[in-house]
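# What the coordinates show
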Amino acid sequence: MLTYDAAFWSTVKTDGKYKNFRDALAEVYANLCGKPAHPARYSDFKIYFETGDRKTFEDGYHARRRQLAAAAVMFLIHGEEQYRVYMQDLIWAICDEYSWCVPAHIHASDAEGQIKAIDLFASETGFVLSEIITLLGDQLDAAVVNRVKYEVHRRVIARFLETPVYWWETARSNWAAVCACQVAGAFLYLAPELFPQARQRLDAAMDCFLESFGGDGACLEGLSYWIYGFGMFVMYHELLVGTDPNALEIFKDEKVANIAAFFQKSSLRGGITVTFADAQPNALYDPWLGHYLKKIYGDLVKLPPLSQALPLARLRFSSMVRGFLYFDPSENETELPLSNCYLPDAQWFLRENGAYSLAAKGGHNAEPHNHNDIGSFLLCVNGRQVLCDIGVGVYTKQYFSAETRYTMLGNGSQGHSVPIINGGYQRAGAEYRAEQVSQSGDTFTADILGAYGEKGSLVRTFEALEHSVIITDEYALEQQPSAIVERFVSYEMPAPEAGKLVWRDAVLEYDAERFTPSVSEEKYENNFMGKVSVYLIDLTAIAPQRAMTARFRVTAAANG
């Protein structure tokens, strides 16, 4: 657990090592905190239940917490009254909130259940407030400290003990680690005598979280969820140091070590990440997590250039304060090693060289934060996705509804570089999966027909050559197809030439005697990138056959 160290924060205030962080924090404070806390309005709260919109309420909800994080760390560093006053006002405003859950996560119908529900963000709020008053308690007004203790006890500590089990305790996803870690933090800071009553359940939740990973350590939810979920798994054990002498033994486990190395494996040249599932588009790292893992694992963990640190405005207090505690710029690489690996449990094939970066996948269509994307891939040249995976959309009620999720471009196979067979897209469900998946050297092969509900086989092969990637689809369908379309997706409009589609950084070659090209533009809102144009490039088979081979070559530009 963290304790206040006046000498350390005095060093942070003056040491040049922290200058970039200090300047960034001052900018965040100036941008976020020059105004009162966003009010918690009922009219915003009810919008989700009426329309499915999450953004209206959650923008203000998360803004209060970002303001609190910036003010609290500014006070830790500078100790000035303006930061203390603003921080206390924010703490009081957060304690006034009807529920610490966001509406999308509230399922109780009664007021008491809604107020005391524990989701990702209620647990975070309880943890952050507990940590802040522990670090700064004697510098805060007694009324503020006592209010926090009261609210955290009734909303988190007592609620957890009186509830036999929460669904997230057995979740094979980031929820298990995030909620369990932060509930544990509330106990350890404000009710350590009660923690033994809760620990068995919290440890079990961490075990369930680990079960969401295969032995290869890949996070199927995407890099942003690795930062979130695994970051909280790591923080849970960091919190236990001092109360449990064996707290860090878990990091000797081979599977945990493989998970710890996931960032560098999924980070591609130019600061791009593998954007399968609901992943952020850029390989940005959380400084606290990266440097803490570096201290544990040494050379096994490679940290990207400091320019790839997550903006402080996106960090919660627990990450921001630990970023200062564990930061060591001497540990950052000038450039990450090229990612050339195969992750057999996830069925991810990653190849990089001086010309391009390729990521292709098998898997199944019921993965956590699933997209229907069996056989999909992305190809990057010169720091851009030329053939892309458009990644995460904007979270709404509809985004997570089984009835509507896969009608959305980024979630359904219609928004991925995979075939369309008989006018049909891939289907959702664990039974829709890649079969006969194999990797040998620079070749990756998977039968992806099982994702469509068709009978027969469709073997997709990727061959990673020095300057180009060859994609071959071998069809052996039981029934004569009415239509076969080979779809490719890009953020950039290609220029058509005879048997070619040409981008600034790459060329896709196809057999013009067998396929007719067409390009359509769609608008898509990525949760991190905002509204973007997406180009759907369809190569339609002129004479589709039950047994046919389609072969495509994508060549990187000479300056790639």
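Because the structure is a prediction, the values reported are computed rather than measured.

Definitions and limits used
- Residues numbered from 1 in each chain as written.
- Predicted model: local features only at pLDDT ≥ 70, side-chain atom pairs only at ≥ 80, totals over all residues.
- Heavy atoms only, no water.
- Helix = DSSP H or I, 4+ residues; strand = E, 2+ residues; numbered from the N terminus.
- Rg over C-alpha atoms; globule rule 2.2 N^0.38 Å.
- Buried < 20%, exposed > 50% of the residue type's maximum accessible area, 1.4 Å probe, protein only.
- Contact = heavy atoms within 4.5 Å.
- Pairing = 2+ DSSP bridges.
- Axes fitted to C-alpha atoms, helices over the stretch in contact; angles between N-to-C directions.
- Salt bridge = Lys/Arg side-chain N within 4 Å of Asp/Glu carboxyl O.
- Parallel < 35°, antiparallel > 145°, perpendicular 65-115°, else oblique.
- Left-handed = near helix turned anticlockwise from the far one by under 90°.
- Nonpolar A, V, L, I, M, F, W, Y, C, P; charged D, E, K, R; others polar.
- Expected span 1.5 Å × (residues − 1).
- Core = buried A, V, L, I, M, F, W, Y, C linked by side-chain atoms within 4.5 Å.
- Phe/Tyr/Trp six-rings, centres within 6.5 Å; stacked < 30°, edge-to-face > 60°.
- Lys NZ or Arg CZ within 6 Å of the ring centre and 35° of its normal.

Bringing the overall build of the protein chain into the picture now. Scanning the protein chain from terminus to terminus reveals 16 helices and 21 strands. A globule of 560 residues ought to have a C-alpha radius of gyration of about 24 Å, and the protein chain, at 25 Å, matches this closely. Seen through its principal axes, the protein chain has C-alpha atoms that stretch 80 × 55 × 45 Å. By the burial criterion, 59% of the 560 residues in the protein chain qualify as buried. Long-range contacts, defined as pairs at least 24 residues apart, comprise 70% of the intrachain contacts of the protein chain with a sequence gap of at least 6.

Moving on to the sheet that holds strand S21 (residues 547–556). Strands belonging to one sheet form pairs held by backbone hydrogen bonds; the direction of such a pair is parallel or antiparallel. Ordered by their spatial adjacency, eight strands build an open sheet running S11-S12-S13-S14-S21-S18-S17-S16, and the pairing between neighbours is antiparallel. With one partner strand each, in any of the chains shown, strand S11 (435–440) and strand S16 (495–497) form the two edges of the open sheet. Ignoring strand direction, the axes of neighbouring strands in this sheet form an average angle of 15 degrees.

One pass over the full model with this rule turns up 35 salt bridges. Arg84 is the partner of Glu81 in a salt bridge, and the nearest nitrogen-oxygen pair spans 3.0 Å. Of the two residues, Glu81 and Arg84 are both situated in helix H6 (residues 81–95); the distance of three residues between them amounts to about one turn of the helix. Residue Glu81 is classed as partly exposed on the basis of its relative accessible area of 45%.

Another point: the packing of H6 against helix H9 (residues 142–162). Running from amino to carboxyl end, H6 crosses H9 at an angle of 30 degrees, the nearest separation of the two axes being 10 Å. The angle between H6 and H9 places the two elements in the roughly parallel class. Taken as a pair, H6 and H9 cross one another with a handedness that is left-handed. Between H6, through Gln88, Ile91, Trp92 and Cys95, and H9, the contact on the second element is made entirely by Ala143, Val144, Arg147, Val148, Glu151 and Arg155. Partitioned by chemical class, the residues of the contact of H6 with H9 number six nonpolar, one polar and three charged.

Between its first and last C-alpha atoms helix H5 (residues 55–78) spans 33 Å; for 24 residues at 1.5 Å apiece the expected length is 34 Å, and the two agree. In terms of residue burial, H5 counts as a mostly covered element, since 19 of its 24 residues are buried. Downstream of H5 by one or two residues, Gly79 has phi in the positive range, about 65 degrees.

On to the nonpolar core. Counting residues in each nonpolar core, the largest one holds 141 residues, and the members touching the most others are Met87, Trp226, Phe230, Phe233 and Phe317. Non-local contacts of Trp226, meaning those with residues more than four positions away in its chain, are made with Phe213, Cys219, Gly231, Ile259, Ala260, Phe262, Phe263, Leu289 and Leu293. By size, the runner-up hydrophobic cluster in this structure holds 43 residues, among which are Leu379, Val386, Ile448 and Leu449.

Taken in spatial order, the four strands make up an open sheet running S9-S15-S20-S19, and their pairing is antiparallel. Two strands in the sheet have a free side with no partner beyond their single neighbour: strand S9 (419–421) and strand S19 (515–526). The sheet shows a mean angle of 25 degrees between the axes of neighbouring strands, taken without regard to direction. Alignment of strand S15 (residues 484–490) against strand S20 (residues 530–541), held across six bridges, turns out to be antiparallel. The residue bridging Ser490 from the neighbouring strand is Tyr535, located in S20.

The next thing to look at is the environment of Leu161. Here Leu161 is to be found in helix H9. Accessibility expressed as a relative area gives 31% for Leu161, which makes it partly exposed. Sequence separation between Leu161 and Gln197 is 36 residues; the distance between their C-alpha atoms is 7.8 Å. Ignoring sequence-local partners within four residues, the contact set of Leu161 consists of Phe187, Leu194, Gln197 and Ala198.

Moving on to the environment of Phe515. Tracing the sequence through the fold places Phe515 in strand S19. Residue Phe515 is classed as buried on the basis of its relative accessible area, which comes to 2%. The residues contacting Phe515, other than those within four sequence positions of it, are Glu486, Tyr510, Leu539, Thr540, Ala541, Ile542, Met548, Ala550 and Phe552.

Here we come to the pairing of strand S12 (residues 443–447). S12 sits mainly inside the fold: four of its five residues count as buried. Where S11 and S12 come together, four bridges link them in antiparallel fashion. Opposite Gln439, over in S12, you have Phe444 as the bridge partner. Linking S11 back to S12 in an antiparallel pair, the connection comprises two residues, with Gly441 at a positive phi of about 60 degrees. Alignment of S12 against strand S13 (residues 456–464), held across five bridges, turns out to be antiparallel. From the neighbouring strand, Thr445 faces S13, where its bridge partner is Thr461.

A separate point is the packing of aromatic side chains. Evaluated as defined, the whole model comprises 45 aromatic pairs. Measuring from centroid to centroid gives 6.4 Å for Tyr18 and Phe327, while their planes differ by 55 degrees, and the two rings are tilted. Residue Tyr18 is found in the loop between helix H1 (6–14) and helix H2 (19–32), and its partner Phe327 is found in the loop between helix H16 (317–326) and strand S3 (341–343); the two are separated by 309 residues along the sequence. Each of the two residues, Tyr18 as well as Phe327, counts as buried. Here the aromatic rings of Tyr29 and Tyr83 are separated by 5.0 Å at their centres, their planes lie at 90 degrees, and the arrangement is edge-to-face. On the criterion of sequence distance, the pair formed by Tyr29 in helix H2 and Tyr83 in helix H6 is long-range, its members being 54 residues apart. Of the residues examined, Tyr29 reaches a relative accessible area of 11% and is grouped as buried. The exposure class of Tyr83 is buried, given its relative accessible area of 8%. Through successive ring pairs, a cluster of aromatic residues spans Phe209, Phe213, Trp226, Phe230, Phe233, Phe251, Phe262, Phe263, Phe276, Tyr285, Tyr297 and Trp348. The cationic tip of Arg65 hangs over the ring face of Tyr61; the distance from NZ or CZ to the ring centre is 3.5 Å. Geometry around Trp100 places Arg155 over its ring, the cationic atom sitting 4.5 Å from the centre.

Across 12 bridges, S19 lies against S20 in antiparallel orientation. Note on S20: the bridge partner recorded for Val519 is Ile537. Remark: three residues form the turn of the hairpin made by S19 and S20, two consecutive strands paired antiparallel.

Shape is all these values report; function is a separate question.
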